[in-house]
Amino acid sequence: MSATRLPRGTNSALAGSSAAAKPQAGEDHTSDATSQMETEVQDLLQRILGLQGLPSARLIRVDIEAWDSLKHMEIVFALEDRYGVQFDEAEFPTLDATDTIASALQRHLAA
Amino acid sequence: MSRDATPPPPCSGRPFTRRGGRRSPERGPCRLIRGERGADAFRAADLIISRFDARPHQNPSVNSPGFALNRAEWQDVLFKGGNRADLAACVPTWELRRLRVRVHRNHGFEAVSTATPAYAAWNGLGFDWLIGGYDDSLSFDLRGEADIDLVWLDVGRMQRLGEGGIGSWLVARISALRSQTANPILALAWPLSEEDLERFNRAAIPGTYAVDLAPLADSLGNRWLDTRAEAISGTRLSNRACLSVARKLACCWLPAVALAPRKAIAVDLDGTLYRGVLGEDGPSGVDLTSGHVALQLRLARFREAGILLALISRNELADVEDLFRQREDFPLRLTDFSAVEVSWNDKAHALRRLADTLRIGTDSIVLVDDNPGELAAVASSLPVVTVHARSDATDTVAALEHVSGLFRWRNSAEDRVRTEDLRASDERYTVLESSASPDDYLRSLQVRLDFLVGPRRYLARLAELCAKTNQFNLALGRMNEAEIARKVDDRPSNVVAIRLADRLSDSGTIGVLVGHRSENALHVEELCISCRALGRRLEDSMLTKALLVMAGEAVPQRVVFALRKGPRNGPAREWLAQYAGVTLDDGAATLEMAFDAIMGKAISPVIRTEVAQ
């Protein structure tokens, strides 16, 4: 079994979580797009965390034991692969919940 | 003696054959989806699954039609880009053969290991990773059972060794690891200069393989590194780089050090080697696209590397012969195929005949076909590995290059002559038919046997024999290169290699005897003889001479052969029992005979023998 220790250079900020960004109230189109994005992100997270088939409540890193630094790396890379984006290093710690990830993706895709 | 139409028994020495057949009114269930493409073909193939698998909810095994269809469906995901999100969706429902890999590293490996499962599962494999801590000094203090040791090194962290020091240092460290383990060792160190790689390869540490990552790095260019992500991955290598390494590790490099290689690729014609249907379009009407040229060229290179090619097609043989005669633009010629099965009959049956002709097991054959239903049908009854041939044949090439067992770390001289050696069997059969006696036969062939004592330069080939030989293999010990090297270190005559040549071909190193001495006995731990050396009635002479060479001047009282019963070595066990003049129990783990009896055996005087130290 591989060690799940944090890789070299990791600082403690990766283990914490930032305040979740709340989706902005707005047009139905934006709300639908956000909802669709969150659904896709939720599906990807469930797949990588091995949580398929379980009730699809919003996934938050601090609440999920399996979401360790190793899984976090897989999630970030899978998101970048799936959506063709590249997150800044400073964003990595903020990608810690379904909605914050969806928001970050929408920002990158809109840019 | 006339050739009949029934398939020859294994290792019988029957020659290269080409079989055609008359059109059969019963074309079997796969005929239902002939000519269909894409999703329709997969849906139709599901009908076949339901007919073959009476328990549709049970997880299909490796040899089930479900496995073959899943492999076909996964090809686009695995070999066209490779996206982590999509890889995560490729979850196998079949059993996997597990390999334990111990990783010694100085930078993050998890970005690689987490990307291997889908690639490994496609080949029926699963890796259990034991990953050590970060260690620039490679002290190898990681403990735990493993099948393979892997060294994962970012040489960029080690500049303090100075110019030219990396290669020597790496040789020293890997030699230290070699002294601790007999496992195959795979070294992935980047960046390594050509000089350092050459220095490492020149050291020829037994059972050790250094990967040159430069081609992968060059193919990705500025996408090879991504220091942005190093904070979460622990490595400078990018996600894309790690995915590329994972694909090669799982499909090629790791299987090649631990598992027996594939021996043949059997290819379909229509929709596989060209676009179109021969029976409808005619030889001039089938379309040789650039992708199909690439596929045929790749198959030709496999053949040059010693992998046999076979043709298996539902067609008229006369049409197929016309095709290859008329289409000079085809890179492959009909004579490139060591066996040809063209008929309208069941492909599984045809594949069994191919395997008999080539003297190999069906589990060492890769079947390439554009019809997923055919793949499913064959896989339901034979343990073949399947590749779905795509309309864009470059996709077929991509998949084929990742079938485990087709990649080989080294190509031996024996590999390069395999096809011609098999063809020479045809002529030997003719000589046999015209010979008045066994000695007359051997005299006509001008057989020569060389016995090499402690042959270090052939360690790789000897390990290959131990890994690949299933029939004439008495103990099935599967000794690897490092284990054989240790035997030679203990006492050179513990290992005797047998080389064979006659006037028709030089078969190279075809046999190995591995043993050790105790006070009064010679213990034979392994005896393997390649199938292509059989059928010339040389087995008795080979073993007698090899034992005499191994014993040397200190003649033992007895010989003890280690035995292990396998699914296909029954004839070899029976042969040994006859050689020893005893009856062998089914579960016997050893066979003893007095050495005097061996010294009393005659070696045919017409065989020329040479012993080299």
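Residues numbered from 1 in each chain as written. Chains lettered and ligands numbered in written order. Predicted model: local features only at pLDDT ≥ 70, side-chain atom pairs only at ≥ 80, totals over all residues. Heavy atoms only, no water.

### Section: empty space enclosed by the protein
Residue and element names in this part refer to chain B. In this structure the tally under the stated criterion is four cavities of 30 Å³ or more. In this structure, the largest cavity spans a volume of roughly 290 Å³. Residue lining of the largest cavity: 19 residues in total, with Lys263, Arg359, Ser530, Cys531 and Arg532 positioned closest to the centre. At the level of elements, α17 (413-434) and α19 (459-468) are the ones that each hand at least two residues to the lining of the largest cavity. Here the lining of the largest cavity takes four residues from α19, the largest share from any one element. (1 Å grid on protein atoms, 1.4 Å probe; cavity = no way out; pocket = protein on both sides within 12 Å on 5 of 7 lines; lining within 4 Å. Points joined across faces, edges and corners; volume = space filled by probe spheres on them. Helix = DSSP H or I, 4+ residues; strand = E, 2+ residues; numbered from the N terminus.)

### As for unusual backbone geometry
Residues and elements named next belong to chain B. Along the chain, tryptophan 190 connects to proline 191 via a cis peptide bond; the corresponding omega equals -5°. Within the fold, proline 191 resides in the loop between β5 (185-190) and α7 (194-203). A positive phi angle, near 60°, is found at arginine 359, a position not held by glycine. Position of arginine 359 among the secondary structure elements: in the loop between α14 (347-358) and β10 (365-369). Arginine 359 gets classed as buried once you look at its relative accessible area, which sits at 9%. (Buried < 20%, exposed > 50% of the residue type's maximum accessible area, 1.4 Å probe, protein only.)

### Points about the side chain of B:Ser604
Residues and elements named next belong to chain B. Relative to the elements of secondary structure, serine 604 occurs in the loop between α23 (595-599) and β18 (608-612). The exposure class assigned to serine 604 is buried, which follows from its relative accessible area of 13%. Ignoring anything within four residues of it in the chain, the contact list for serine 604 reads Asp439, Leu442 and Ser541. (Contact = heavy atoms within 4.5 Å.)

### What to know about the packing of aromatic side chains
All names here are of chain B. If you walk through the whole model with that rule in mind, you get 15 aromatic pairs over all chains. Between phenylalanine 127 and tryptophan 129, the ring centres sit 5.5 Å apart and the planes meet at 45°, which makes this aromatic pair tilted. Put simply, the rings of Phe109, Phe127, Trp129 and Trp152 pair up and form one aromatic cluster. The ring of tryptophan 122 carries arginine 71 above its face, with NZ or CZ at 3.8 Å from the centroid. (Phe/Tyr/Trp six-rings, centres within 6.5 Å; stacked < 30°, edge-to-face > 60°. Lys NZ or Arg CZ within 6 Å of the ring centre and 35° of its normal.)

### Section: the sheet that holds strand β15 (residues 521-529) of chain B
All names here are of chain B. One open sheet accounts for seven strands, arranged β17-β16-β15-β14-β13-β12-β18; its pairing is mixed. Single-partner strands in this sheet number two, and they are β17 (590-594) and β18. Ignoring strand direction, the axes of neighbouring strands in this sheet form an average angle of 25°. Note: β15 against strand β16 (residues 558-562), four bridges, orientation parallel. Bridge assignment links histidine 523 to a residue of β16, and that residue is valine 560. Against the sheet, helix α22 (residues 570-580) touches β15, β16 and β17, its axis set at about 25° to β17. (Pairing = 2+ DSSP bridges. Axes fitted to C-alpha atoms, helices over the stretch in contact; angles between N-to-C directions.)

### So, the state of the cysteines
All names here are of chain B. Under the criterion given, the structure shown has zero disulfides over all chains. Free cysteine: cysteine 90, not disulfide-bonded; nearest cysteine sulfur from cysteine 251 at 12 Å. Residue cysteine 90 is classed as buried on the basis of its relative accessible area, which comes to 9%. For cysteine 242, which is in no disulfide, the shortest distance to another cysteine sulfur is to cysteine 251 and amounts to 16 Å. Residue class for cysteine 242 comes out buried when judged on its relative accessible area of 0%. (Disulfide = S-S within 2.5 Å.)

### Considerations on the side chain of A:Glu80
Within the secondary structure layout, A:Glu80 lies in helix α2 (residues 69-83). Within the structure, A:Glu80 has its side chain in polar contact with the side chain of B:Arg228 (distance 2.6 Å). Leave out the neighbours within four places in its chain, and A:Glu80 touches A:Val85, A:Gln86, A:Phe87, A:Phe92 and B:Arg228. (Polar contact = N/O pair within 3.5 Å; in protein donor to acceptor, adjacent residues only side chain to side chain.)

### Observations regarding the confidence of the model for chain B
Residue and element names in this part refer to chain B. On average, residues of chain B score 87 in pLDDT, and 89% of them reach the 70 mark or higher. Across chain B, the secondary-structure element scoring lowest on mean pLDDT is helix α1 (residues 38-52), at 43, and the one scoring highest is strand β7 (residues 264-267), at 98. In this model residues 19-41 is a low-confidence stretch, pLDDT under 50, and it forms 49 contacts with partners more than four residues away in sequence or in other chains. (pLDDT = per-residue confidence, 0-100.)

### Quick notes on the sheet that holds strand β4 (residues 148-154) of chain B
All names here are of chain B. Ordered by their spatial adjacency, five strands build an open sheet running β3-β2-β4-β5-β6, and the pairing between neighbours is parallel. Each end of this open sheet is capped by a strand with a single partner; those strands are β3 (125-134) and β6 (208-211). Strand-to-strand twist across the sheet, computed as the mean angle between neighbouring axes with direction ignored, equals 20°. Where strand β2 (residues 97-105) lies against β3, eight bridges are found, and the strand directions are parallel. What sits directly across from arginine 105, in β3, is tyrosine 134. This element, helix α10 (residues 239-258), spans β2, β3, β4, β5 and β6 of the sheet and lies at about 145° to β5.

### Notes on the interface of chain B and chain A
Contacts between the two partners involve 28 residues from chain B, matched on the other side by 24 residues from chain A. For the pair chain B and chain A, the summed buried surface comes to about 2,400 Å²; carbon and sulfur atoms form 57% of the total. At the boundary of chain B with chain A, the tally comes to three salt bridges. With a shortest N-O distance of 3.4 Å, A:Arg82 and B:Asp86 are connected by a salt bridge. Applying the counting criterion to the chain B and chain A interface returns seven residue pairs in polar contact (both at pLDDT 80 or more). (Buried area = accessible area lost by both parts, 1.4 Å probe. Salt bridge = Lys/Arg side-chain N within 4 Å of Asp/Glu carboxyl O.)

### Some remarks on the pairing of β5(B)
Residue and element names in this part refer to chain B. Among the six residues of β5, six are classified as buried, and the element is accordingly described as predominantly covered. Side chains Ile185, Ala187 and Ala189 of β5 all project onto a buried face; the interleaved residues Leu186, Leu188 and Trp190 project onto the opposite face, where all are buried too. For β4 and β5, the ladder comprises six bridges, and the chain directions are parallel. If you follow leucine 153 over to β5, its bridge partner there is alanine 189. As paired strands, β5 and β6 are joined by four bridges and run parallel to one another. From the neighbouring strand, leucine 186 faces β6, where its bridge partner is tyrosine 209. What joins β5 to β6 is α7, and the crossover it makes is right-handed. (Right-handed = clockwise from strand over helix to strand, strands pointing away.)

### Focus: the layout of surface pockets
Of the pockets and cavities examined, the second largest pocket occupies roughly 870 Å³. Along the walls of the second largest pocket sit 32 residues, with A:Lys71, A:Glu74, B:Ser113, B:Thr114 and B:Pro117 positioned nearest its centre. Among the secondary structure elements, those contributing two or more residues to the lining of the second largest pocket are α1 (28-49) and α2 of chain A together with α3 (84-87), α5 (117-122) and β3 of chain B. Partitioned by chemical class, the residues of the lining of the second largest pocket number 18 nonpolar, seven polar and seven charged. (Nonpolar A, V, L, I, M, F, W, Y, C, P; charged D, E, K, R; others polar.)

### A few points about a negative patch on the surface
Residue and element names in this part refer to chain B. Taken together, the side chains of Glu194, Glu195, Asp212 and Asp218 define an acidic patch exposed on the protein surface. Note on placement: aspartate 218 falls in helix α8 (residues 214-220). The class of aspartate 218 is exposed, set by a relative accessible area of 63%. (Patch = residues over 30% accessible without salt bridge, like charges linked within 9 Å, V, L, I, M, F, W, Y side chains within 5 Å. Areas by Shrake-Rupley, 256 points an atom, 1.4 Å probe, with all protein chains shown as cover. Lys, Arg positive; Asp, Glu negative; His and termini not counted. Charge placed at Lys NZ, Arg CZ, Asp CG, Glu CD.)

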